[in-house]
Amino acid sequence: MRTAYSVETVRAAERELMARLPEGALMQRAAAGLAAACAGLLRRARGGVYGARVVLLVGPGDNGGDALYAGARLARRGAGVTAVPMDPARMHPGGLAALRAAGGRVERAVPQRADLVLDGLLGIGGKGGLRPAAATLVERIPPGVPVVAVDLPSGVDADTGEVAGPAVTAEVTVTFGAYKPGLLIDPGASRAGAVHLVDIGLELPSPQVQALQHADVAGLLPEPTATSDKYRRGVVGIVAGSAQYPGAAVLAVAGALRGGAGAVRYVGPAAVQEAVLARYPETLIGPGRVQAWVVGPGLGAGRAGEVAELLAGDTAVLVDADGLRGLDPAALRARTAPTLLTPHAGEAAALLGVERKAVEAGRLDAVRTLARRYGVAVLLKGSTTLVASGGETAVRVNPTGTPWLATAGSGDVLSGLAGSLLAGGLSGADAGAVGAYLHGLAARRVGGPLLAHQVAEALPEAWRDTRHP
(Lines give C-alpha, C1' and ligand atoms only; values in the text may rest on other atoms or scores of the structure.)
Protein backbone atom coordinates (compact mmCIF):
# COMPACT_ATOMS: atom_id res chain seq x y z
CA MET A 1 0.00 0.00 0.00
CA ARG A 2 1.24 3.47 -0.81
CA THR A 3 0.77 5.87 2.08
CA ALA A 4 0.90 9.66 1.91
CA TYR A 5 1.41 12.20 4.67
CA SER A 6 0.68 15.87 5.16
CA VAL A 7 3.39 18.53 5.03
CA GLU A 8 3.06 19.07 8.77
CA THR A 9 3.55 15.37 9.48
CA VAL A 10 6.56 15.05 7.16
CA ARG A 11 8.25 18.13 8.56
CA ALA A 12 7.77 16.95 12.13
CA ALA A 13 9.37 13.60 11.23
CA GLU A 14 12.24 15.39 9.47
CA ARG A 15 12.91 17.58 12.52
CA GLU A 16 12.98 14.55 14.79
CA LEU A 17 15.41 12.73 12.50
CA MET A 18 17.67 15.74 11.95
CA ALA A 19 18.07 16.11 15.71
CA ARG A 20 19.74 12.68 15.76
CA LEU A 21 21.92 13.10 12.66
CA PRO A 22 25.00 15.19 11.86
CA GLU A 23 24.16 18.55 10.32
CA GLY A 24 23.35 18.27 6.62
CA ALA A 25 23.16 14.47 6.62
CA LEU A 26 19.45 14.37 5.73
CA MET A 27 19.91 16.67 2.73
CA GLN A 28 22.80 14.52 1.55
CA ARG A 29 20.58 11.42 1.70
CA ALA A 30 17.95 13.19 -0.39
CA ALA A 31 20.51 14.50 -2.88
CA ALA A 32 22.07 11.06 -3.31
CA GLY A 33 18.69 9.53 -4.12
CA LEU A 34 17.83 12.37 -6.49
CA ALA A 35 21.15 12.09 -8.32
CA ALA A 36 20.76 8.33 -8.67
CA ALA A 37 17.29 8.73 -10.18
CA CYS A 38 18.58 11.36 -12.63
CA ALA A 39 21.49 9.14 -13.58
CA GLY A 40 19.09 6.32 -14.33
CA LEU A 41 17.04 8.56 -16.61
CA LEU A 42 20.15 9.73 -18.43
CA ARG A 43 21.35 6.16 -18.93
CA ARG A 44 18.05 5.20 -20.52
CA ALA A 45 17.83 8.34 -22.64
CA ARG A 46 21.40 8.74 -23.85
CA GLY A 47 23.47 5.87 -22.52
CA GLY A 48 25.08 7.56 -19.50
CA VAL A 49 25.75 10.64 -17.40
CA TYR A 50 29.07 11.66 -18.92
CA GLY A 51 28.64 14.60 -21.28
CA ALA A 52 24.97 15.14 -20.41
CA ARG A 53 23.72 18.73 -20.14
CA VAL A 54 21.82 19.17 -16.90
CA VAL A 55 20.01 22.35 -15.87
CA LEU A 56 19.00 23.06 -12.28
CA LEU A 57 16.16 25.50 -11.62
CA VAL A 58 17.02 26.58 -8.09
CA GLY A 59 14.75 28.15 -5.51
CA PRO A 60 15.76 29.62 -2.15
CA GLY A 61 14.66 26.70 0.06
CA ASP A 62 15.87 23.22 0.87
CA ASN A 63 14.59 21.88 -2.45
CA GLY A 64 17.03 24.23 -4.14
CA GLY A 65 19.77 22.81 -1.90
CA ASP A 66 18.77 19.26 -2.81
CA ALA A 67 19.02 20.16 -6.50
CA LEU A 68 22.44 21.80 -6.06
CA TYR A 69 23.93 18.87 -4.15
CA ALA A 70 22.48 16.40 -6.68
CA GLY A 71 23.87 18.55 -9.49
CA ALA A 72 27.30 18.40 -7.86
CA ARG A 73 27.14 14.60 -7.82
CA LEU A 74 26.21 14.51 -11.50
CA ALA A 75 28.97 17.00 -12.35
CA ARG A 76 31.52 14.76 -10.66
CA ARG A 77 30.36 11.99 -13.01
CA GLY A 78 31.07 14.11 -16.05
CA ALA A 79 27.81 15.96 -16.66
CA GLY A 80 27.82 19.61 -17.61
CA VAL A 81 25.65 21.18 -14.92
CA THR A 82 24.22 24.69 -14.98
CA ALA A 83 22.27 26.19 -12.08
CA VAL A 84 19.74 28.93 -12.84
CA PRO A 85 18.59 30.58 -9.60
CA MET A 86 15.25 32.21 -8.95
CA ASP A 87 17.11 34.62 -6.65
CA PRO A 88 20.93 34.50 -6.82
CA ALA A 89 21.26 36.06 -3.36
CA ARG A 90 19.26 33.26 -1.70
CA MET A 91 20.85 30.09 -3.05
CA HIS A 92 21.69 27.37 -0.52
CA PRO A 93 25.32 28.20 0.37
CA GLY A 94 26.52 24.64 0.99
CA GLY A 95 24.88 23.31 -2.15
CA LEU A 96 26.24 26.17 -4.23
CA ALA A 97 29.78 25.60 -2.95
CA ALA A 98 29.52 21.87 -3.69
CA LEU A 99 28.31 22.51 -7.23
CA ARG A 100 31.09 24.97 -8.00
CA ALA A 101 33.73 22.66 -6.49
CA ALA A 102 32.50 19.89 -8.82
CA GLY A 103 32.82 22.11 -11.89
CA GLY A 104 29.22 23.30 -12.20
CA ARG A 105 28.37 26.86 -13.06
CA VAL A 106 25.67 29.43 -12.36
CA GLU A 107 23.86 31.34 -15.11
CA ARG A 108 21.03 33.87 -15.08
CA ALA A 109 19.25 32.48 -18.18
CA VAL A 110 17.97 28.99 -18.90
CA PRO A 111 20.22 27.37 -21.55
CA GLN A 112 18.57 26.59 -24.86
CA ARG A 113 19.96 23.08 -24.98
CA ALA A 114 19.63 20.49 -22.22
CA ASP A 115 19.22 16.77 -21.71
CA LEU A 116 17.56 17.05 -18.30
CA VAL A 117 16.06 19.79 -16.13
CA LEU A 118 15.68 19.58 -12.35
CA ASP A 119 12.83 21.56 -10.83
CA GLY A 120 14.09 22.69 -7.42
CA LEU A 121 12.14 25.94 -7.32
CA LEU A 122 9.62 25.35 -4.53
CA GLY A 123 9.35 22.88 -1.69
CA ILE A 124 6.39 21.05 -0.20
CA GLY A 125 5.29 24.21 1.61
CA GLY A 126 4.61 26.10 -1.63
CA LYS A 127 1.07 27.44 -2.03
CA GLY A 128 -0.87 29.17 -4.75
CA GLY A 129 1.04 28.35 -7.91
CA LEU A 130 4.32 29.76 -9.19
CA ARG A 131 5.20 33.40 -8.67
CA PRO A 132 6.19 35.39 -11.78
CA ALA A 133 9.98 34.92 -11.38
CA ALA A 134 9.64 31.15 -11.07
CA ALA A 135 7.00 30.92 -13.80
CA THR A 136 9.32 32.75 -16.18
CA LEU A 137 12.08 30.21 -15.62
CA VAL A 138 9.68 27.32 -16.22
CA GLU A 139 8.39 28.89 -19.42
CA ARG A 140 11.96 28.95 -20.76
CA ILE A 141 12.59 25.21 -20.36
CA PRO A 142 13.49 23.98 -23.87
CA PRO A 143 10.56 22.08 -25.46
CA GLY A 144 10.73 18.32 -25.16
CA VAL A 145 13.36 18.22 -22.41
CA PRO A 146 12.39 15.87 -19.55
CA VAL A 147 11.84 17.54 -16.19
CA VAL A 148 12.56 15.88 -12.84
CA ALA A 149 10.70 17.50 -9.94
CA VAL A 150 12.49 17.62 -6.61
CA ASP A 151 10.08 16.26 -3.96
CA LEU A 152 7.02 17.82 -5.67
CA PRO A 153 6.35 19.69 -8.93
CA SER A 154 6.60 23.39 -8.10
CA GLY A 155 3.18 25.00 -8.02
CA VAL A 156 1.34 21.89 -6.80
CA ASP A 157 -0.14 21.93 -3.29
CA ALA A 158 1.49 19.04 -1.46
CA ASP A 159 -1.44 18.45 0.90
CA THR A 160 -4.30 18.50 -1.62
CA GLY A 161 -3.01 18.23 -5.19
CA GLU A 162 -4.57 21.60 -6.01
CA VAL A 163 -2.97 23.70 -8.73
CA ALA A 164 -3.98 27.31 -8.21
CA GLY A 165 -1.81 28.89 -10.90
CA PRO A 166 1.21 28.16 -13.12
CA ALA A 167 2.94 24.91 -12.18
CA VAL A 168 5.62 22.52 -13.38
CA THR A 169 4.70 19.40 -15.33
CA ALA A 170 7.32 16.73 -14.62
CA GLU A 171 8.17 13.48 -16.33
CA VAL A 172 9.45 12.11 -13.02
CA THR A 173 9.08 13.30 -9.44
CA VAL A 174 11.66 12.16 -6.89
CA THR A 175 10.05 12.56 -3.48
CA PHE A 176 11.79 12.14 -0.14
CA GLY A 177 10.77 10.17 2.93
CA ALA A 178 7.09 9.74 2.10
CA TYR A 179 4.52 10.28 -0.60
CA LYS A 180 2.58 13.52 -0.30
CA PRO A 181 -1.17 13.58 -1.02
CA GLY A 182 -0.67 16.03 -3.89
CA LEU A 183 1.39 13.43 -5.74
CA LEU A 184 -1.51 10.97 -5.76
CA ILE A 185 -4.52 13.26 -6.28
CA ASP A 186 -5.37 15.19 -9.43
CA PRO A 187 -4.73 17.74 -10.73
CA GLY A 188 -1.37 17.49 -8.96
CA ALA A 189 -0.92 13.80 -9.76
CA SER A 190 -1.13 14.49 -13.49
CA ARG A 191 1.72 16.99 -13.07
CA ALA A 192 3.97 14.58 -11.19
CA GLY A 193 4.60 11.92 -13.83
CA ALA A 194 6.21 8.74 -12.51
CA VAL A 195 6.84 9.11 -8.77
CA HIS A 196 10.04 7.67 -7.28
CA LEU A 197 10.24 7.48 -3.48
CA VAL A 198 13.63 7.89 -1.77
CA ASP A 199 13.74 6.45 1.73
CA ILE A 200 15.60 8.88 4.02
CA GLY A 201 14.74 7.13 7.27
CA LEU A 202 11.66 9.02 8.48
CA GLU A 203 9.51 7.50 11.24
CA LEU A 204 5.91 8.34 10.39
CA PRO A 205 2.55 7.94 12.16
CA SER A 206 -0.77 6.97 10.57
CA PRO A 207 -1.11 8.31 7.00
CA GLN A 208 -3.57 10.89 5.73
CA VAL A 209 -4.00 9.19 2.34
CA GLN A 210 -3.66 5.58 1.18
CA ALA A 211 -3.49 3.99 -2.25
CA LEU A 212 -4.28 0.28 -2.42
CA GLN A 213 -2.08 -2.08 -4.41
CA HIS A 214 -2.81 -5.55 -5.81
CA ALA A 215 -2.01 -7.41 -2.59
CA ASP A 216 -4.22 -5.11 -0.52
CA VAL A 217 -7.17 -5.65 -2.85
CA ALA A 218 -6.62 -9.41 -2.98
CA GLY A 219 -6.71 -9.50 0.80
CA LEU A 220 -10.10 -7.77 0.90
CA LEU A 221 -11.91 -9.65 -1.86
CA PRO A 222 -14.63 -12.02 -0.64
CA GLU A 223 -13.79 -15.64 -1.41
CA PRO A 224 -16.31 -18.53 -1.37
CA THR A 225 -15.59 -21.59 0.73
CA ALA A 226 -16.54 -25.23 0.33
CA THR A 227 -19.71 -24.62 2.38
CA SER A 228 -20.80 -21.47 0.53
CA ASP A 229 -24.08 -21.27 -1.33
CA LYS A 230 -25.46 -18.36 -3.32
CA TYR A 231 -27.22 -16.89 -0.31
CA ARG A 232 -24.28 -17.19 2.06
CA ARG A 233 -22.12 -15.42 -0.53
CA GLY A 234 -24.52 -12.47 -0.43
CA VAL A 235 -27.37 -11.23 -2.56
CA VAL A 236 -27.30 -7.70 -3.96
CA GLY A 237 -30.50 -5.93 -4.94
CA ILE A 238 -30.54 -3.41 -7.79
CA VAL A 239 -33.15 -0.63 -7.85
CA ALA A 240 -32.25 1.19 -11.06
CA GLY A 241 -33.41 2.01 -14.55
CA SER A 242 -36.52 3.58 -16.01
CA ALA A 243 -38.33 3.80 -19.33
CA GLN A 244 -35.91 6.59 -20.28
CA TYR A 245 -32.76 4.84 -19.00
CA PRO A 246 -33.20 1.05 -19.15
CA GLY A 247 -29.52 0.56 -19.95
CA ALA A 248 -28.49 1.87 -16.53
CA ALA A 249 -30.17 -1.12 -14.89
CA VAL A 250 -28.58 -3.56 -17.34
CA LEU A 251 -25.12 -2.14 -16.69
CA ALA A 252 -25.55 -2.03 -12.91
CA VAL A 253 -26.59 -5.69 -13.00
CA ALA A 254 -23.60 -6.46 -15.21
CA GLY A 255 -21.23 -5.00 -12.63
CA ALA A 256 -23.02 -6.69 -9.74
CA LEU A 257 -22.91 -10.15 -11.35
CA ARG A 258 -19.13 -9.90 -11.53
CA GLY A 259 -18.61 -8.49 -8.04
CA GLY A 260 -18.50 -11.71 -6.05
CA ALA A 261 -22.05 -11.86 -4.68
CA GLY A 262 -23.91 -15.16 -4.96
CA ALA A 263 -26.96 -13.66 -6.66
CA VAL A 264 -28.29 -10.40 -8.07
CA ARG A 265 -31.92 -9.37 -7.61
CA TYR A 266 -33.50 -6.68 -9.81
CA VAL A 267 -36.46 -4.56 -8.69
CA GLY A 268 -37.92 -2.12 -11.20
CA PRO A 269 -40.40 -1.46 -14.03
CA ALA A 270 -41.61 -4.45 -16.02
CA ALA A 271 -40.14 -3.19 -19.29
CA VAL A 272 -36.72 -2.82 -17.65
CA GLN A 273 -37.04 -6.26 -16.10
CA GLU A 274 -37.39 -7.67 -19.60
CA ALA A 275 -34.26 -5.83 -20.76
CA VAL A 276 -32.28 -7.13 -17.78
CA LEU A 277 -33.42 -10.74 -18.24
CA ALA A 278 -32.78 -10.64 -21.96
CA ARG A 279 -29.14 -9.82 -21.26
CA TYR A 280 -28.63 -11.61 -17.95
CA PRO A 281 -31.03 -14.52 -17.35
CA GLU A 282 -29.17 -15.28 -14.08
CA THR A 283 -30.87 -12.28 -12.48
CA LEU A 284 -33.57 -12.78 -9.85
CA ILE A 285 -36.62 -10.56 -10.36
CA GLY A 286 -38.76 -8.86 -7.74
CA PRO A 287 -38.51 -8.06 -4.04
CA GLY A 288 -36.79 -10.44 -1.65
CA ARG A 289 -34.13 -10.69 0.99
CA VAL A 290 -30.78 -9.10 0.11
CA GLN A 291 -27.60 -8.23 1.98
CA ALA A 292 -27.11 -4.92 0.15
CA TRP A 293 -29.03 -2.59 -2.13
CA VAL A 294 -27.84 -0.45 -5.02
CA VAL A 295 -30.24 2.38 -5.74
CA GLY A 296 -30.17 5.26 -8.18
CA PRO A 297 -28.59 4.56 -11.60
CA GLY A 298 -31.01 5.73 -14.30
CA LEU A 299 -33.81 5.95 -11.75
CA GLY A 300 -35.27 9.15 -13.15
CA ALA A 301 -37.39 11.68 -11.29
CA GLY A 302 -40.26 11.00 -8.90
CA ARG A 303 -38.84 7.94 -7.16
CA ALA A 304 -37.32 9.54 -4.09
CA GLY A 305 -39.68 7.49 -1.94
CA GLU A 306 -37.94 4.27 -2.98
CA VAL A 307 -34.58 5.70 -1.97
CA ALA A 308 -35.92 6.88 1.39
CA GLU A 309 -37.51 3.49 2.08
CA LEU A 310 -34.26 1.64 1.51
CA LEU A 311 -32.31 4.09 3.65
CA ALA A 312 -34.85 3.70 6.44
CA GLY A 313 -34.06 -0.02 6.65
CA ASP A 314 -31.17 -1.83 8.28
CA THR A 315 -29.57 -3.27 5.13
CA ALA A 316 -26.37 -1.98 3.52
CA VAL A 317 -27.12 0.55 0.76
CA LEU A 318 -25.14 2.12 -2.07
CA VAL A 319 -26.69 5.33 -3.44
CA ASP A 320 -25.70 6.64 -6.87
CA ALA A 321 -26.85 9.04 -9.59
CA ASP A 322 -30.56 10.00 -9.33
CA GLY A 323 -30.73 8.46 -5.87
CA LEU A 324 -28.41 11.17 -4.54
CA ARG A 325 -30.96 13.96 -5.02
CA GLY A 326 -32.25 15.56 -1.85
CA LEU A 327 -30.60 13.25 0.64
CA ASP A 328 -31.16 14.12 4.30
CA PRO A 329 -27.84 14.24 6.21
CA ALA A 330 -29.55 13.51 9.53
CA ALA A 331 -31.24 10.39 8.18
CA LEU A 332 -27.97 9.08 6.81
CA ARG A 333 -26.06 9.82 10.01
CA ALA A 334 -28.69 7.82 11.91
CA ARG A 335 -28.06 4.69 9.88
CA THR A 336 -26.09 1.84 11.45
CA ALA A 337 -25.79 -0.37 8.36
CA PRO A 338 -22.95 0.22 5.87
CA THR A 339 -23.78 3.07 3.49
CA LEU A 340 -21.85 4.27 0.45
CA LEU A 341 -22.55 7.35 -1.69
CA THR A 342 -20.92 7.44 -5.14
CA PRO A 343 -21.28 10.95 -6.61
CA HIS A 344 -19.36 12.51 -9.47
CA ALA A 345 -18.18 16.12 -9.07
CA GLY A 346 -21.49 17.67 -10.14
CA GLU A 347 -23.52 15.51 -7.77
CA ALA A 348 -21.05 16.14 -4.96
CA ALA A 349 -21.38 19.88 -5.54
CA ALA A 350 -25.17 19.62 -5.21
CA LEU A 351 -24.83 17.63 -1.98
CA LEU A 352 -22.44 20.25 -0.58
CA GLY A 353 -24.28 23.29 -1.94
CA VAL A 354 -21.24 24.60 -3.83
CA GLU A 355 -20.18 25.12 -7.44
CA ARG A 356 -18.86 22.11 -9.35
CA LYS A 357 -15.56 23.89 -9.99
CA ALA A 358 -14.99 24.10 -6.23
CA VAL A 359 -15.21 20.32 -5.95
CA GLU A 360 -12.97 19.73 -8.96
CA ALA A 361 -10.32 22.14 -7.63
CA GLY A 362 -10.36 20.69 -4.10
CA ARG A 363 -11.31 17.04 -4.39
CA LEU A 364 -9.69 15.91 -1.14
CA ASP A 365 -11.47 18.53 0.94
CA ALA A 366 -14.77 17.80 -0.84
CA VAL A 367 -14.77 14.05 -0.16
CA ARG A 368 -13.76 14.55 3.47
CA THR A 369 -16.49 17.14 3.98
CA LEU A 370 -19.13 14.92 2.40
CA ALA A 371 -18.15 11.96 4.57
CA ARG A 372 -18.29 14.07 7.73
CA ARG A 373 -21.55 15.82 6.84
CA TYR A 374 -23.46 12.66 5.93
CA GLY A 375 -21.67 10.32 8.33
CA VAL A 376 -21.17 7.60 5.70
CA ALA A 377 -18.57 6.37 3.24
CA VAL A 378 -18.28 8.48 0.08
CA LEU A 379 -16.70 7.54 -3.25
CA LEU A 380 -16.03 10.69 -5.27
CA LYS A 381 -15.65 9.71 -8.91
CA GLY A 382 -13.34 11.52 -11.29
CA SER A 383 -9.87 11.54 -12.81
CA THR A 384 -8.69 10.58 -9.33
CA THR A 385 -11.36 8.61 -7.50
CA LEU A 386 -11.29 9.18 -3.73
CA VAL A 387 -12.99 7.22 -0.95
CA ALA A 388 -13.54 8.65 2.54
CA SER A 389 -15.46 7.30 5.50
CA GLY A 390 -17.40 9.15 8.15
CA GLY A 391 -14.69 8.42 10.71
CA GLU A 392 -11.16 9.76 10.89
CA THR A 393 -9.42 7.05 8.86
CA ALA A 394 -7.24 7.91 5.88
CA VAL A 395 -8.77 8.86 2.54
CA ARG A 396 -8.13 6.24 -0.12
CA VAL A 397 -7.06 7.31 -3.56
CA ASN A 398 -7.57 4.92 -6.47
CA PRO A 399 -4.38 4.35 -8.50
CA THR A 400 -5.98 2.43 -11.38
CA GLY A 401 -8.10 3.61 -14.29
CA THR A 402 -7.81 5.34 -17.63
CA PRO A 403 -9.32 8.49 -19.20
CA TRP A 404 -11.34 6.15 -21.46
CA LEU A 405 -13.59 5.47 -18.44
CA ALA A 406 -15.17 8.86 -19.04
CA THR A 407 -17.95 7.21 -21.01
CA ALA A 408 -21.68 6.71 -20.55
CA GLY A 409 -22.61 3.85 -18.25
CA SER A 410 -19.22 3.19 -16.66
CA GLY A 411 -20.47 4.61 -13.35
CA ASP A 412 -23.44 2.23 -13.44
CA VAL A 413 -21.07 -0.73 -13.74
CA LEU A 414 -19.05 0.60 -10.79
CA SER A 415 -22.20 0.95 -8.68
CA GLY A 416 -23.22 -2.64 -9.29
CA LEU A 417 -19.72 -3.92 -8.63
CA ALA A 418 -19.30 -1.99 -5.35
CA GLY A 419 -22.81 -2.98 -4.26
CA SER A 420 -21.95 -6.63 -4.83
CA LEU A 421 -18.87 -6.22 -2.64
CA LEU A 422 -21.07 -4.66 0.05
CA ALA A 423 -23.32 -7.71 -0.12
CA GLY A 424 -20.23 -9.87 0.25
CA GLY A 425 -19.54 -8.32 3.63
CA LEU A 426 -17.14 -5.45 2.92
CA SER A 427 -17.54 -2.12 4.68
CA GLY A 428 -18.68 0.89 2.70
CA ALA A 429 -15.16 2.31 2.41
CA ASP A 430 -13.63 -1.06 1.50
CA ALA A 431 -16.34 -1.79 -1.07
CA GLY A 432 -15.80 1.60 -2.67
CA ALA A 433 -12.01 1.38 -2.72
CA VAL A 434 -11.86 -2.23 -3.97
CA GLY A 435 -14.63 -1.61 -6.50
CA ALA A 436 -12.88 1.44 -7.93
CA TYR A 437 -9.58 -0.45 -8.12
CA LEU A 438 -11.05 -3.43 -10.01
CA HIS A 439 -13.12 -1.12 -12.23
CA GLY A 440 -10.01 0.84 -13.23
CA LEU A 441 -7.97 -2.31 -13.71
CA ALA A 442 -10.64 -3.79 -15.98
CA ALA A 443 -10.71 -0.60 -18.04
CA ARG A 444 -6.95 -0.80 -18.52
CA ARG A 445 -7.37 -4.36 -19.79
CA VAL A 446 -9.95 -3.24 -22.35
CA GLY A 447 -7.94 -0.26 -23.58
CA GLY A 448 -9.77 2.33 -25.57
CA PRO A 449 -12.03 3.55 -26.87
CA LEU A 450 -14.15 1.36 -24.62
CA LEU A 451 -17.82 0.76 -23.87
CA ALA A 452 -19.16 0.37 -20.36
CA HIS A 453 -20.28 -3.23 -20.85
CA GLN A 454 -16.73 -4.15 -21.89
CA VAL A 455 -15.47 -2.98 -18.50
CA ALA A 456 -17.97 -5.29 -16.79
CA GLU A 457 -16.88 -8.19 -18.99
CA ALA A 458 -13.22 -7.61 -18.10
CA LEU A 459 -13.82 -7.65 -14.33
CA PRO A 460 -13.08 -11.39 -13.84
CA GLU A 461 -9.65 -10.92 -15.43
CA ALA A 462 -9.01 -7.85 -13.27
CA TRP A 463 -10.04 -9.85 -10.21
CA ARG A 464 -7.55 -12.60 -11.13
CA ASP A 465 -4.82 -10.02 -11.83
CA THR A 466 -4.84 -8.93 -8.19
CA ARG A 467 -4.21 -12.49 -7.06
CA HIS A 468 -1.63 -13.34 -9.70
CA PRO A 469 0.14 -10.07 -10.65
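If you're wondering where the values come from, they're calculated on a predicted model, not measured in any experiment.

**What to know about the UniProt feature "binding site: K(+)" (unreviewed entry) in the protein**
Next up, step 1: Following the UniProt record, one finds the feature "binding site: K(+)" (unreviewed entry) at N63, D119 and S154. Spanning 92 residues, the named residues nonetheless gather at one spot, since no C-alpha pair among them exceeds 9.9 Å.
Next up, step 2: If you trace the backbone, N63 turns up in helix α3 (residues 62-76).
Next up, step 3: Dropping the residues within four chain positions of it, N63 is found in contact with G120, L122, G123, V150 and D151.
Next up, step 4: Its location among the elements puts D119 in strand β5 (residues 116-120).
Next up, step 5: Here the side chain of D119 touches L121 through a polar contact of 3.2 Å, landing on its backbone nitrogen.

**Re the sheet that holds strand β4 (residues 105-106)**
Next up, step 1: Reading across the sheet, the 7 strands line up as β4-β3-β2-β5-β6-β7-β8 and stay open at both edges, with parallel pairing between neighbours. The sheet is open, and its two edges are formed by β4 and β8 (194-198), each paired on a single side.
Next up, step 2: Of the pairings in the sheet, the one linking strand β7 (residues 172-176) to β8 comprises 5 bridges and is parallel in character. By the bridge assignment, F176 is partnered in β8 with V198.
Next up, step 3: Most of the contacts of α3 go to strand β2 (residues 53-58), to which it runs at about 165 degrees, and overall it touches β2, β3 (80-85), β5, β6 (147-150) and β7.

**Focus on the sheet that holds strand β12 (residues 284-285)**
Next up, step 1: Read from one edge of the open sheet, 11 strands run β1-β9-β18-β17-β16-β15-β14-β13-β10-β11-β12, paired in mixed fashion. Of all the strands in the sheet, just β1 (2-4) and β12 have a single pairing partner and so form its edges.
Next up, step 2: Alignment of strand β11 (residues 263-267) against β12, held across 2 bridges, turns out to be parallel. The partner of R265 across the bridge, within β12, is L284.

**Description of the pairing of β2**
Next up, step 1: Within β2, 5 of the 6 residues are buried, which leaves it mostly tucked inside the rest of the structure.
Next up, step 2: Note: β2 against β3, 6 bridges, orientation parallel. Each bridged residue has a counterpart across the sheet, and for V58 the counterpart in β3 is P85.
Next up, step 3: The handedness of the β2 to β3 crossover, carried by α3, is right-handed.

**Quick look at the packing of α3 against helix α4 (residues 93-101)**
Next up, step 1: Between α3 and α4, the least distance of the axes is 8 Å, while the angle of their chain directions is 15 degrees. The orientation of α3 with respect to α4, classified from their angle, is roughly parallel. Where α3 crosses over α4, the handedness of that crossing is left-handed. Where α3 abuts α4, its residues L68, Y69, G71 and A72 lie against G94, G95, L96, A98 and L99.
Next up, step 2: Across the contact of α3 with α4, the residue classes break down as 6 nonpolar, 3 polar and no charged.

**Points about the nonpolar core**
Next up, step 1: Residues L34, V54, L56, V319, L327 and L341 are the most contacted members of the largest nonpolar core, which totals 95 residues.
Next up, step 2: Sort the elements by how many residues they give to this core and helix α2 (residues 25-46) lands first, with 11 residues.
Next up, step 3: Core analysis: the next-biggest nonpolar cluster, separate from the first, contains 54 residues, L405, L421, A431 and A443 among them.

**With respect to α2**
Next up, step 1: For α2, which comprises 22 residues, the first-to-last C-alpha distance of 31 Å matches the rise-based estimate of 32 Å (1.5 Å per residue) to within 8%.
Next up, step 2: Looking one or two residues past α2, G47 carries a phi angle of roughly 95 degrees, positive in sign.

**Section: the pattern of salt bridges**
Next up, step 1: Going through the model one piece at a time under the given rule, you end up with 16 salt bridges.
Next up, step 2: Here R20 ties to E203 by a salt bridge, and the two come within 3.8 Å at their closest N and O atoms. Here the residue R20 occupies a position in the loop between α1 (7-18) and α2, and E203 occupies one in the loop between β8 and β9 (209-211), the gap between them amounting to 183 residues.

What counts, and at which threshold
- Residues numbered from 1 in each chain as written.
- Predicted model: local features only at pLDDT ≥ 70, side-chain atom pairs only at ≥ 80, totals over all residues.
- Heavy atoms only, no water.
- UniProt positions renumbered as here; feature names shortened; annotations may be inferred.
- Helix = DSSP H or I, 4+ residues; strand = E, 2+ residues; numbered from the N terminus.
- Contact = heavy atoms within 4.5 Å.
- Polar contact = N/O pair within 3.5 Å; in protein donor to acceptor, adjacent residues only side chain to side chain.
- Pairing = 2+ DSSP bridges.
- Axes fitted to C-alpha atoms, helices over the stretch in contact; angles between N-to-C directions.
- Buried < 20%, exposed > 50% of the residue type's maximum accessible area, 1.4 Å probe, protein only.
- Right-handed = clockwise from strand over helix to strand, strands pointing away.
- Parallel < 35°, antiparallel > 145°, perpendicular 65-115°, else oblique.
- Left-handed = near helix turned anticlockwise from the far one by under 90°.
- Nonpolar A, V, L, I, M, F, W, Y, C, P; charged D, E, K, R; others polar.
- Core = buried A, V, L, I, M, F, W, Y, C linked by side-chain atoms within 4.5 Å.
- Expected span 1.5 Å × (residues − 1).
- Salt bridge = Lys/Arg side-chain N within 4 Å of Asp/Glu carboxyl O.

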